[in-house]
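Here's the letter readout for the chains.
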Amino acid sequence: MRPWNRVNLALGLIAAGLLVLLVWPPHGPEQQRLTALETQRLTSIRIERADRLVLGLARGDDGWRLDYPVRASAEQRRVAQLLAVARAPVQQEFSASGSLADYGLAQPEAVLQLDDIRLAFGDRDPVQRSRYVLVGDRIRVIDDVYFNLLTLPVGHFAAD
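Just so you know, these numbers come straight off a predicted model, no measurement behind them.

**Quick look at the overall build of the protein**
Piece 1. Scanning the protein for helices and strands turns up three helices and nine strands.
Piece 2. Along the chain direction, N to C, the helices and strands of the protein fall in the order α-β-β-β-β-α-β-β-β-β-β-α.
Piece 3. Contacts in the protein between residues at least 24 apart in sequence constitute 55% of all its contacts with a sequence separation of at least 6.

**Some details on the sheet that holds strand β7 (residues 117–125)**
Piece 1. Reading across the sheet, the nine strands line up as β4-β3-β2-β1-β6-β7-β8-β9-β5 and stay open at both edges, with antiparallel pairing between neighbours. In this open sheet, the two strands that pair with only one neighbour each are β4 (72–73) and β5 (92–95).

**A few points about the pairing of strand β3 (residues 63–68)**
Piece 1. Sheet analysis places strand β2 (residues 52–60) next to β3, joined by five bridges and oriented antiparallel. Residue pairing across strands places L57 opposite L66, the latter belonging to β3.
Piece 2. Hairpin connection of β2 to β3: two residues between the antiparallel strands.
Piece 3. Inspection of the sheet shows β3 paired to β4 by two bridges, in the antiparallel sense. Bridging from a neighbouring strand, R65 pairs with S73 of β4.
Piece 4. Taken together, β3 and the strand that follows it, β4, pair antiparallel across an intervening segment of three residues.

**As for the environment of A50**
Piece 1. When you line up the elements, A50 lands in the loop between β1 (44–49) and β2.
Piece 2. Given the relative accessible area of 67%, A50 is considered exposed.

**Details of the packing of aromatic side chains**
Piece 1. For the coordinates displayed, the defined rule picks out three aromatic pairs.
Piece 2. Arranged with centres 5.2 Å apart and planes meeting at 50°, the rings of F94 and Y103 form a pair that is tilted.
Piece 3. Ring plane angle 40° and centroid distance 6.1 Å describe the contact between F121 and F147, whose orientation is recorded as tilted. Of this pair, F121 sits in strand β7 while F147 sits in helix α3 (residues 145–149), and the two are 26 residues apart along the sequence.
Piece 4. With a relative accessible area of 8%, F147 lands in the buried category.
Piece 5. Linked through ring pairs, F94, Y103 and Y132 together constitute an aromatic cluster.
Piece 6. Its end group placed over the ring of F147, R131 keeps NZ or CZ at 3.8 Å from the ring centre.

**Here's the deal with the nonpolar core**
Piece 1. In terms of nonpolar packing, the biggest core is built from 32 residues, with I45, L57, L82, L112, L114 and F121 touching the most fellow members.
Piece 2. Of all the secondary structure elements, the ones that give two or more residues to this core are β1, β2, β3, α2 (76–83), β6 (110–114), β7, β8 (130–135) and α3.

**Concerning the confidence of the model for the protein**
Piece 1. In the predicted model, the protein carries a mean pLDDT of 89, and 84% of its residues have values of at least 70.
Piece 2. When the elements of the protein are averaged for pLDDT, helix α1 (residues 3–23) gives the smallest value, 66, and β6 the largest, 98.

**Here's the deal with the side chain of R140**
Piece 1. Structurally, R140 can be placed in strand β9 (residues 138–143).
Piece 2. For R140, a relative accessible area of 13% puts it in the buried group.
Piece 3. Within polar-contact distance, the side chain of R140 engages the side chain of E93 at 3.0 Å.
Piece 4. When neighbours within four sequence positions are excluded, R140 is seen to be in contact with Q32, R33, L34, T35, V90, Q92, E93, R131, Y132, V133 and V135.

Scoring rules and cut-offs
Residues numbered from 1 in each chain as written. Predicted model: local features only at pLDDT ≥ 70, side-chain atom pairs only at ≥ 80, totals over all residues. Heavy atoms only, no water. Helix = DSSP H or I, 4+ residues; strand = E, 2+ residues; numbered from the N terminus. Contact = heavy atoms within 4.5 Å. Pairing = 2+ DSSP bridges. Buried < 20%, exposed > 50% of the residue type's maximum accessible area, 1.4 Å probe, protein only. Phe/Tyr/Trp six-rings, centres within 6.5 Å; stacked < 30°, edge-to-face > 60°. Lys NZ or Arg CZ within 6 Å of the ring centre and 35° of its normal. Core = buried A, V, L, I, M, F, W, Y, C linked by side-chain atoms within 4.5 Å. pLDDT = per-residue confidence, 0-100. Polar contact = N/O pair within 3.5 Å; in protein donor to acceptor, adjacent residues only side chain to side chain.

If you want it as structure tokens, here you go:
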């Protein structure tokens, strides 16, 4: 075998090994989620901003319906996107024993109420593009894209 063929073969094996490591499924523990809620069992969704209710949804026999500020059928797919917030992957978690104001949680920007679970959304972490969320006595950090779902207008959730 020629020397260059050996080099090419070695490089090919290294590349194949790196590819396997890249696509191989991780064997670590399952990533923590914002809540352990089973969203298919929820019956009520409320969104508050500035201590004022801006959106209310209720689940009935025929699926989700808007019940505040208007009564109308809800777009089920869009409600499912909103429910995905409950299962958002947590990037970091720590005790809320410090000052909530340091994280914008003394006066949250938005509150998502899922049945009796209250999720208070505070400041955005400017470095990680993530958001602080108060869940019980713990502060969890999730991707900021989930917060954006709480800022959508009511019409976004109404069925056309």
